[in-house]
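Letter by letter, the chains look like this.
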Amino acid sequence: MTVAAVRPSTASAPDVDEIRAQFPALERVHGGDRVAYFDGPGGTQVPQSVADATRDYLLHHNANSHWAYPTSLETDAIIDAARAAAADLLNASPNEVAFGANMTSLAFSLSRALAPTISPGDEIVITELDHHGNVAPWTRLAAERGAVIRMARMRTDTYSLDWSDLEQAIGPRTKLVAIGAASNALGTVTDVARAAALAHAQGAHVFVDAVAYVPHALTDVEAMGCDFLACSTYKFYGPHLGVLYGRHELLTRLDCAKLAPAPAHAPDRWETGTLNFEALAGTTAAIDFMASLGGSAGFGTDDSRRARLARAYDALHARSAPLFASLWRGLASIPGVVLHGAPPTDAPRSPTVSFLVEGVDSHTVATRLASEAGVFAPNGIFYAATIADRLGVTGSGWVRAGFACYTTEEEVERLVSAVRTIATGAGVRS
Ligand SMILES: Cc1ncc(COP(=O)(O)O)c(C=O)c1O
């Protein structure tokens, strides 16, 4: 992306053909066209290495954990490896990483564990920019505890957080600030470190929804200053799995739901029941795949996985930023196309755009993009319900196009050209 702040980098952009060769899904043809997947914000395709790791686990190491024979010991090693990989991805310690079904389930689990810390009249701050997965757990928690929800507004001129509103919302009764790092609908990136500083000044905890951020920006829980963060591996080339980061002291102390015989120590105590071990194997492979995208920075450089991830994000940013600017310019030049979100500049932003075609409902646009141009881009409100309300988006919502590491210039041109044809009322192949 595009999220990365522009900074000097020795990383070279990865060769997109080499990257693409690792994704069998990219060979799919639909209606005579090679499929162009713009549905990354909903879930990316996976490279062969991720599918291989998942399959290898199921076929050769399958067992439950914590027993004394080889396949069980191998399963334990797979869990440890996934924690270490996720810790590298987030700049955390392995004992601060718990896995679960998805971000939403983990946020609900966390909300239940935080319940005893919330008293009637306390306040929980959320934002209008957030996915409902970072809204519902907290509104429900507030309702159950007699607490008050304060929702910080989005500015509709910049599509960004209204900081003065957030500053007013956070006060001495605030117990939790739940904030998204990147909007899955608009691509807006929010300075969560700034929000965390405001929250901590009032003694509140900070939860960051980084689901739409981690695929595009090097994530650093220390620099963000958050207490908790969640993301989902299926958004960055992995299997369907959620990841919860929590400060170790909090993961140890909070009263999470667990069975009495299950491990009492963190982070294991957060992982109810049997984990999805095959997805953990795939998660390590996905993070290693991400790390491979930075290439080598040469002899004598830091070759740790974290350093390789940093180079990979820089390299992806270097390639996707001009491509995303070109997508934006192309769509913006089409009469009748309305783009929601801030135009790309040097400011951090994720390469995701939601748009409307005047006079054509978004379901029809998405259907025609697929059938007439092989472009797979979803339509809907993508659980960004508050943003949709604020912007007056109803019915079949927006069409959303997001980049992944395999997006090419040709695909961007194809998308723009197909939208132009739909907007001008002609058939793509007419
Ligand atoms: C920004 C954001 N937050 C939360 C979620 C929910 O993630 P999950 O499907 O892992 O529960 C999504 C899913 O699209 C998302 O984009």
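All values reported here derive from a predicted model rather than from experimental measurement.

What follows covers the site of the ligand. Taken together, the residues surrounding the ligand are Asn-102, Met-103, Thr-104, His-131, Asn-184, Asp-209, Val-211, Ala-212, Ser-232, Tyr-234 and Lys-235. The separation between an oxygen atom of the ligand and a polar side-chain atom of Thr-104 is 2.5 Å. One of the side-chain nitrogen or oxygen atoms of Ser-232 is found 2.6 Å away from an oxygen atom of the ligand. In the complex, 90% of the free accessible area of the ligand, which totals 390 Å², lies under the protein chains.

Of note, the amide linkage connecting Ala-266 to Pro-267 takes the cis form, showing an omega dihedral of 5°. Among the structural elements, Pro-267 can be located in the loop between helix 9 (248–253) and helix 10 (277–292). A positive phi angle, close to 60°, is found at Tyr-159, a residue other than glycine. Here the phi dihedral of Phe-382 falls at roughly 55°; this positive angle occurs in a residue that is not glycine. Among the secondary structure elements, Phe-382 is positioned in the loop between strand 16 (379–380) and helix 13 (385–391). According to the relative accessible area criterion, Phe-382 is buried, its value standing at 14%.

Where helix 3 (residues 70–90) contacts helix 11 (residues 305–332), the axes come no closer than 9 Å and their chain directions differ by 50°. When the interaxial angle is binned, helix 3 and helix 11 end up oblique. Viewed along their axes, helix 3 and helix 11 form a crossing whose handedness is right-handed. Each of Ala-84, Ala-85, Asp-88, Leu-89 and Leu-90 in helix 3 lies in contact with helix 11, whose residues at this interface are Arg-305, Arg-306, Leu-309 and Tyr-313. Counted by class, the contact of helix 3 with helix 11 contains 6 nonpolar, no polar and 3 charged residues.

Looking now at the sheet that holds strand 9 (residues 174–180). With mixed pairing, 7 strands are arranged side by side in an open sheet as 4-12-11-10-9-5-6. Of all the strands in the sheet, the pair left with one neighbour each is strand 4 (97–100) and strand 6 (148–152). Ignoring which end each strand starts from, the neighbouring axes of this sheet average 20° apart. Relative to strand 11 (residues 228–232), strand 10 (residues 205–209) is paired through 3 bridges, and the arrangement is parallel. Bridge assignment links Phe-207 to a residue of strand 11, and that residue is Phe-228.

What follows covers the sheet that holds strand 14 (residues 352–357). Pairing within the open sheet is antiparallel, and its 4 strands lie in the order 13-14-17-16. Each edge of the open sheet carries a strand with a single partner, namely strand 13 (337–340) and strand 16. In the sheet, strand 16 pairs with strand 17 (residues 398–402) via 2 bridges, with the strands oriented antiparallel. Directly across from Asn-379, in strand 17, lies its bridge partner Val-399. Its contacts with the sheet place helix 11 against strand 13 and strand 14, and it is angled at close to 10° to strand 14.

Confidence in the prediction for the protein averages 95 pLDDT; 95% of positions are at 70 or higher. Predicted confidence is poor over residues 4–9, with pLDDT under 50, and the contacts of this stretch with residues over four places away or in other chains come to 9 contacts.

Reading guide: rules and limits
Residues numbered from 1 in each chain as written. Predicted model: local features only at pLDDT ≥ 70, side-chain atom pairs only at ≥ 80, totals over all residues. Heavy atoms only, no water. Near = heavy atom within 4 Å. Polar contact = N/O pair within 3.5 Å; in protein donor to acceptor, adjacent residues only side chain to side chain. Areas by Shrake-Rupley, 256 points an atom, 1.4 Å probe, with all protein chains shown as cover. Helix = DSSP H or I, 4+ residues; strand = E, 2+ residues; numbered from the N terminus. Buried < 20%, exposed > 50% of the residue type's maximum accessible area, 1.4 Å probe, protein only. Axes fitted to C-alpha atoms, helices over the stretch in contact; angles between N-to-C directions. Parallel < 35°, antiparallel > 145°, perpendicular 65-115°, else oblique. Left-handed = near helix turned anticlockwise from the far one by under 90°. Contact = heavy atoms within 4.5 Å. Nonpolar A, V, L, I, M, F, W, Y, C, P; charged D, E, K, R; others polar. Pairing = 2+ DSSP bridges. pLDDT = per-residue confidence, 0-100.

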